[in-house]
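Summary of structural features
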Amino acid sequence: MPAASLLPLFGSAAGPGALGGPAGGGAGGGGRKAAGPGAFRLTEKFVLLLVFSAFITLCFGAIFFLPDSSKLLSGVFFHSAALQPPPPGGQPRVPPQLGGGSAAGAVAAAAGGAGSLERIRADHERALREAKETLQKLPEEIRRDIRQDKEKLLQDARGRKEAGAPGLPQRPFRQPVGAVGQEPTDPTVRQRRDKIKEMMKHAWDNYKRYAWGLNELKPISKQGHSSNLFVPYHQPPNPGAIPCQAFCTNFKADEHGCTGGELFLEVVSVLSNIQGATIVDALDTLYIMEMKEEFKEAKEWVEKNLDFNVNAEISVFEVNIRFVGGLLSAYYLSGEEVFRKKAVELGEKLLPAFNTPTGIPWALLNIKSGIGRNWPWASGGSSILAEFGTLHLEFVHLSHLSGNPVFAEKVMNIRKVLNRLDKPEGLYPNYLNPSSGQWGQHHVSIGGLGDSFYEYLLKAWLMSDKTDEEGKTMYYDAVQAIETHLIRKSSGGLMYIAEWKGGLLEHKMGHLTCFAGGMFALGADGAPNDKTGHHIELGAEIARTCHESYDRTSMKLGPEAFRFDGGVEAIATRQNEKYYILRPEVIETYMYMWRLTHDPKYRQWGWEAVEALEKHCRVDGGYSGIRDVYNNHESHDDVQQSFFLSETLKYLYLLFSEDDLLPFEHWVFNTEAHPLPVLHKDDGNNEDDQK
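Residues numbered from 1 in each chain as written. Predicted model: local features only at pLDDT ≥ 70, side-chain atom pairs only at ≥ 80, totals over all residues. Heavy atoms only, no water.

**Concerning the overall build of the chain**
Selection criterion: Runs of E in the DSSP output that reach at least two residues are strands. Runs of H or I that reach at least four are helices, and both are numbered from the N terminus. Working rule for contacts: check all heavy atoms of both residues, and any pair within 4.5 Å makes them a contact. Per-residue and other accessible areas were derived by the Shrake-Rupley procedure at a 1.4 Å probe size, with only the shown protein chains allowed to occlude residues.
Scanning the chain from terminus to terminus reveals 20 helices and 20 strands. Taking the contacts inside the chain whose residues are at least 6 apart along the sequence as the reference set, 69% of them involve residues at least 24 apart. Surface summary for the chain: the accessible area is close to 31900 Å², and the carbon and sulfur share equals 55%.

**Quick word on the packing of aromatic side chains**
Here is the rule we go by: By convention, a stacked pair of Phe, Tyr or Trp rings (six-membered ring in the case of Trp) has centres within 6.5 Å and planes under 30 degrees apart, an edge-to-face pair has planes over 60 apart, and any other such pair is tilted. Think of it in three bands: residues with accessible area under 20% of the maximum for their type are buried, residues over 50% are exposed, and the middle band is partly exposed, with areas taken using a 1.4 Å probe on protein chains only.
A complete count under the given rule lists 25 aromatic pairs for this structure. Geometrically, the ring pair formed by Tyr590 and Trp605 is tilted, given 5.6 Å between the ring centres and 55° between the ring planes. Taken together, the positions of Tyr590 in helix 17 (residues 585-597) and Trp605 in helix 18 (residues 601-617) put the pair 15 residues apart, joining distant regions of the chain. Note on accessibility: Tyr590 and Trp605 belong to one class, buried.

**Details of the side chain of Thr358**
How we decide: Two N or O atoms form a polar contact when they lie within 3.5 Å of each other; inside protein one atom must be a possible hydrogen donor and the other a possible acceptor, and for residues adjacent in sequence the pair counts only when both atoms belong to side chains.
Within the secondary structure, Thr358 sits in the loop between helix 9 (337-350) and strand 6 (364-366). Looking at Thr358, the relative accessible area reads 17%, which means it is buried. Within the local environment of Thr358, its side chain forms a polar contact with the backbone oxygen of Pro434, the two atoms lying 2.6 Å apart.

**A short note on helix 12 (residues 406-420)**
Every α-helix carries 3.6 residues per turn, so stepping three or four residues along brings you back to the same face. Cut-off, in case you're wondering: Every helix has an expected span of 1.5 Å times one less than the residues it contains.
Helix length check: helix 12, at 15 residues, gives a terminal C-alpha distance of 21 Å against a target of 21 Å (1.5 Å per residue), a fit within 8%. Within helix 12 the residues assigned to the buried category are Phe407, Ala408, Val411, Met412, Ile414, Arg415, Val417 and Leu418.

**Re the environment of Trp204**
Residue placement: Trp204 occurs in helix 5 (residues 187-211). Trp204 sits in the buried class, given a relative accessible area of 0%. Separated by 82 residues in the primary sequence, Trp204 and Leu286 place their C-alpha atoms 9.2 Å from one another. Those residues within four positions of Trp204 in sequence are excluded, and the remaining contacts are Trp212, Thr278, Ile279, Ala282, Leu286, Glu294, Glu297, Ala298 and Leu645.

**Some details on the sheet that holds strand 6**
To be explicit about the condition: Paired strands, in this sense, are two strands between which DSSP finds at least two bridges. Whenever a helix is involved, its axis is fitted only over the stretch in contact; in every case the axis is a line through C-alpha atoms, and angles between N-to-C directions fall within 0 to 180 degrees.
With respect to topology, three strands assemble into an open sheet ordered 5-6-7, the strand pairing being antiparallel. Looking at strand neighbours, the two that pair on one side only are strand 5 (313-315) and strand 7 (372-373), the edges of this open sheet. The sheet contact formed by strand 5 and strand 6 spans three bridges and is antiparallel. Residue Ile314 lies in a different strand from strand 6, and its bridge partner there is Leu365. Sheet strands in contact with helix 8 (residues 316-334) are strand 5 and strand 6, and its direction is about 65° off that of strand 5.

**Points about a nonpolar patch on the surface**
Quick reminder of the rule: Think of a patch as exposed residues, more than 30% relative accessible area, with no salt bridge, where like charges cluster within 9 Å and nonpolar side chains (Val, Leu, Ile, Met, Phe, Trp, Tyr) cluster within 5 Å. Put simply, a salt bridge is a Lys or Arg side-chain nitrogen that is within 4 Å of an Asp or Glu carboxyl oxygen.
Taken together, Phe52, Phe55 and Ile56 make up a surface patch of nonpolar side chains, about 310 Å² in accessible area. Among the structural elements, Phe52 can be located in helix 1 (residues 42-64). According to the relative accessible area criterion, Phe52 is exposed, its value standing at 52%.

**With respect to the environment of Glu294**
Structurally, Glu294 can be placed in helix 7 (residues 292-305). Note: C-alpha distance between Glu294 and Asp205 (89 residues apart in sequence) is 8.9 Å.

**Quick look at the pattern of salt bridges**
Pairs can form between side chains of opposite charge once their charged atoms are near each other. Tallying each qualifying case throughout the model produces 30 salt bridges. One network of salt bridges, in which partners are shared, links Lys195, Glu198, Glu614 and Arg618.

**Quick notes on the nonpolar core**
One recurring pattern in soluble globular proteins: nonpolar side chains tend to sit buried together. Inclusion rule: In this text, buried Ala, Val, Leu, Ile, Met, Phe, Trp, Tyr and Cys residues form a nonpolar core when linked through side-chain atoms within 4.5 Å.
Membership of the largest hydrophobic core comes to 158 residues, with the highest contact counts inside it found for Tyr454 and Phe520. Looking at this core, the element that brings in the most residues is helix 8, giving 12 residues. If sequence neighbours within four positions are ignored, Tyr454 has contacts with Leu385, Tyr428, Val444, Ser445, Ile446, Tyr475, Ala478, Ile482 and Met519. Leu364, Trp375, Ala378 and Leu449 belong to the second largest nonpolar core, which has eight residues in total.

**Thoughts on unusual backbone geometry**
If you check the backbone angles, Glu290 has positive phi at about 60° while not being a glycine. For Glu290, a relative accessible area of 36% translates into the label partly exposed. Look at Ser379: it is not a glycine, yet its phi comes out positive at around 40°. Structurally, the position occupied by Ser379 is in the loop between strand 7 and strand 8 (383-384). Residue classification places Ser379 among the buried positions, given a relative accessible area of 18%.

**Focus on the confidence of the model for the chain**
Stated formally: For every residue, the predictor reports its confidence as pLDDT, a number between 0 and 100.
The predicted model of the chain averages 82 in pLDDT, with 75% of residues at 70 or higher. This stretch, residues 1-38, has a pLDDT under 50; its non-local contacts, to residues over four places away or in other chains, come to 10 contacts. Taken as a whole, residues 66-107 scores under 50 in pLDDT and shows 32 contacts with residues more than four places along the chain or in a different chain.

**Here we look at the side chain of Glu387**
Using the following cut-off: Just so you know, the count uses Lys and Arg for positive and Asp and Glu for negative, and it drops His and the chain ends.
Mapped onto the elements, Glu387 comes out in helix 10 (residues 385-388). Of the side chains with opposite charge, Arg322 lies nearest to the buried Glu387, which makes no salt bridge, at 10 Å. There is a polar contact of 3.3 Å between the side chain of Glu387 and the side chain of Trp375.

**Focus on the environment of Ala282**
With respect to the secondary-structure elements, Ala282 resides in helix 6 (residues 277-288). By relative accessible area, which is 0% here, Ala282 ends up buried. Taking the C-alpha atoms as reference, Ala282 lies 5.0 Å from Ser646; in sequence the two are 364 residues apart. Ignoring any residue separated from it by four or fewer positions in sequence, one finds Ala282 in contact with Met200, Trp204 and Leu645.

**Quick word on the packing of helix 18 against helix 19 (residues 642-655)**
Applied cut-off: An angle counts as roughly parallel when it lies under 35 degrees, as roughly antiparallel when it exceeds 145, as roughly perpendicular when it falls between 65 and 115, and as oblique in every other case. In this scheme the crossing of two helices becomes right-handed for a clockwise turn of the near helix relative to the far one and left-handed for an anticlockwise turn of less than a right angle. Three categories are distinguished: nonpolar for Ala, Val, Leu, Ile, Met, Phe, Trp, Tyr, Cys and Pro, charged for Asp, Glu, Lys and Arg, and polar for the others, with Gly belonging to the last.
Running from N to C, helix 18 and helix 19 cross one another at 135°; their axes reach a closest spacing of 10 Å. The orientation of helix 18 relative to helix 19 falls into the category oblique. You can see that helix 18 and helix 19 cross each other, and the crossing is left-handed. Across from Tyr602, Arg603, Gly606, Val610 and Leu613 in helix 18, the residues of helix 19 making contact are Phe644, Thr648, Leu652 and Leu655. Counted by class, the contact of helix 18 with helix 19 contains six nonpolar, two polar and one charged residues.

**Quick word on the packing of helix 7 against helix 9**
Two elements in contact, helix 7 and helix 9, have axes separated by 10 Å at closest approach and are oriented at 45°. With respect to each other, helix 7 and helix 9 are oriented oblique. In the packing of helix 7 onto helix 9, the handedness of the crossing is left-handed. In this structure, helix 7 contributes Phe295, Lys299, Val302 and Glu303 to the contact, and helix 9 contributes Val338, Phe339 and Lys342.

**Comments concerning the sheet that holds strand 14 (residues 504-506)**
Across the sheet, which stays open at both edges, the three strands sit in the order 10-13-14 with antiparallel pairing between neighbours. The open sheet is flanked by strand 10 (443-444) and strand 14, the only strands paired with a single partner.

Shown next as structure tokens:
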């Protein structure tokens, strides 16, 4: 760039005279203008511009960055007149109109400003009063107020959610067949049935008196039992060899490991858990016993208090069979829409459990976060056959009632995974890894960890009005393998179902396994190759063995497990197998065998169980389990299980009822004894639900 081109940055270019040339004209030549106020050099102008810019920046910063600057600006530019007191005449001053606005608008603006100040002052004074009042309260009162505020917020949130949630499809309610049966014609049978109803009233009234709204009752302590729902309903392997803390904290322990009725059902309390298990579990029992007032108060509790919006980890299996099953059954019996709504809502909260690589669900689920996991003791993080295999009935009905096929699709996918796998000797191991889709350790049981999987194969076929051919085939193939590899006879002639561990048999049978007698008899009608009579015989033999396990104890109540080795038959030999926690499986088999054969011995055996329950388990505050059924002196575990009302008393009531009450042609029972209707082909929805 030529040097001359830079000169304007520093001053005017000099003429020839500036260099002393001939045209200079002397020292006072006119080549430069005279200095004056308006004749700043360019550099001086630049400096002045910088100073002015800094000043402007400082001014705007003072306005915009001082605290509460927005109010300052609004007061300076818009409402300055409004902040002044009104003149003596009582009329507010009218600020100058901006942009030609009306006088009425200016008056409104002034009034608004004054009103804002008054509101701020009033809010401040109210906050001071509330703070003083709070400081004068006792700590208990403060905590109570906090709880009430939280409950109100939760109710408001639920109300907003329900208001915006899409409704369920309209479904006309059909009066169910056999929801209420006829009175027994035999006076002795009628008297015994009335006694069982009185037992139900005793159990319910004490739960209501001492534990209303909590999960279960402690009848000795006469207080609630808020267990975290739920540890496994079935027994983990070798419980005596596993430290108590592997499952929960409130165990009784001895040299054999964990013992007592609280072994699998008493766990760490979780404050924000689903509550009301006994209420939901008992709904259908109250209904079929025609305890109308009790059913009404239970329904009102469900409507107002049953809440699934909790931050809690639950057992998918237990919540499904107790809560989903109980709500579905209550809806089908009564037609009360609240039960359908609650069942579908809970079913939707269980769906994240299926978010695994194979679609085999997790055992445990946090129903708020949707995060799942498996029991830490379950064969390398495996899911358990009796847990993921005991969802089918309820989830098919959820699709039927909601119109959403996703529920049925989830459980049908479980079958697809199982059918792709090889079965050792045709048997289903108890453990399946949900990530790899492969079996865990090869332990097979028809009792704990396996039981209700087989029950649901049969009942899925029956519930489909015998159209679910896949379920039927899977069930009868499994029964054939069970009969070949697991069913044995003792030297004394007692038939039992052993457990299979990698090809070796353990000659032990659990109380839970006693349900199989009823299952074999229920499935006899569809047995292949004219084996109907044979399956009835299998059921009768298992029923006899389980009755012997009761009859060979001091209290005439059955132990948790009994053995056929070391010279003993149908007797518990280990301390951690001698307890009875009001379980229903033996009475369940009596009920099925009575309905299918009408052999009077099953009613007699059932009545023996009633007498034993009344003598040893009934206490002033309800019914309690027993720690050792071989001891002549009762040692109660102080828990009235919710399934005592749902299963044990219901099966006893049905045992002494006519066959028209919940007839098998129209109903199947889930594994918690909640009756679900058969989806008859003429209903129109059956085929869609099964796809």
